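Structure at a glance
Next come the chains, spelled out residue by residue.
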Amino acid sequence: MPLMEKEHYTIEDIYALPEGERAELIDGQMYMMSPPGRRHQWLSTYLLTEISLYIRSKKGTCEVYAAPFGVFLKNEKGEDDYLEPDIVVVCDLDKLDEKGCHGAPDWVIEIVSPSSKKRDYLKKTAIYMEQGVREYWIVDPAKERVTVYHYEDDAAPVIYPFAQDIPVGIYPGLTIKINDLL
């Protein structure tokens, strides 16, 4: 059943979506999400595994989640924005409940697809920076590169090819080379 067009959507509209349909809510606008492709899922699975194994090996307390996992952030109007990043790392476990993460995760990874590219590079970059995400990665399978934002360092973004070691800012000592996962 198609959604009725509205000028302004709320978190209740997200919860009212039919089973299996996914969307993100940004500033009252709903963005329907296409099912991810095989390569997207493959990258997500292997990145999640690498991060989880590292945290476990260091006996860390941060938790890692893969989409669909809700991130609730308050926008300028005090309303809930609802995002479903591909991977999130949350170190402040008080932000977590059964619905997801309420507040900024420490690390967010988005794997872009043609339908999400503009939103991932523009809208979400601004949201994550404003909301206090410490580190944001945009993984672009088509261009085989990762754009890394270290917001807590107030540094310019750095672009890494898949063939290069990518240092993880929130975990000194951890590097990930995407080509090693392929």
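Just above sits the structure.
What comes next is a walk through the structure. The model shown is predicted, which means the values in this text are computed figures rather than measured ones.

Turning our eyes to something else, we now look at the overall build of the protein. Broken down by element type, the protein carries four helices and 14 strands. Since a compact globule built from 182 residues should have a radius of gyration of about 16 Å, the 16 Å found for the protein is in line with a globular shape. By its C-alpha atoms, the protein is 45 × 35 × 30 Å across when sized along the principal axes. The buried share of the protein, reckoned over its 182 residues, is 45%. For the protein, the proportion of contacts with a sequence separation of at least 24, taken over those separated by at least 6, is 49%. Entry remark: accessible area of the protein is about 9800 Å², with carbon and sulfur atoms responsible for 52%. Each charge class in the protein can be summarised by its mean position, and for the 20 positive and 32 negative side chains these summaries are 5 Å apart.

A few words now on the state of the cysteines. Scanning the entire structure with this criterion turns up one disulfide. Note that C62 is cross-linked by a disulfide to C91, the S-S spacing being 2.0 Å. The disulfide joining C62 to C91 has a torsion of about 105° about its S-S bond and is therefore right-handed. Highlighted residues: C62 in the loop between α2 (38-57) and β3 (63-66) and C91 in the loop between β6 (87-90) and β7 (96-97), separated in sequence by 29 residues. We classify C62 as buried; its relative accessible area is 15%. Judged by its relative accessible area of 25%, C91 falls in the partly exposed class.

What follows concerns the sheet that holds strand β10 (residues 135-140). Pairing is mixed across the open sheet formed by six strands, whose spatial order is β3-β6-β9-β10-β11-β12. Each edge of the open sheet carries a strand with a single partner, namely β3 and β12 (158-161). Each neighbouring strand pair of the sheet contributes to a mean axis angle of 15°, computed without reference to strand direction. Summarising the sheet, strand β11 (residues 145-150) and β12 pair through four bridges and their orientation is antiparallel. Note that in β12 the partner of T147 across the bridge is I159.

Cut-offs and rules
- Residues numbered from 1 in each chain as written.
- Predicted model: local features only at pLDDT ≥ 70, side-chain atom pairs only at ≥ 80, totals over all residues.
- Heavy atoms only, no water.
- Helix = DSSP H or I, 4+ residues; strand = E, 2+ residues; numbered from the N terminus.
- Rg over C-alpha atoms; globule rule 2.2 N^0.38 Å.
- Buried < 20%, exposed > 50% of the residue type's maximum accessible area, 1.4 Å probe, protein only.
- Contact = heavy atoms within 4.5 Å.
- Areas by Shrake-Rupley, 256 points an atom, 1.4 Å probe, with all protein chains shown as cover.
- Lys, Arg positive; Asp, Glu negative; His and termini not counted.
- Charge placed at Lys NZ, Arg CZ, Asp CG, Glu CD.
- Disulfide = S-S within 2.5 Å.
- Pairing = 2+ DSSP bridges.
- Axes fitted to C-alpha atoms, helices over the stretch in contact; angles between N-to-C directions.

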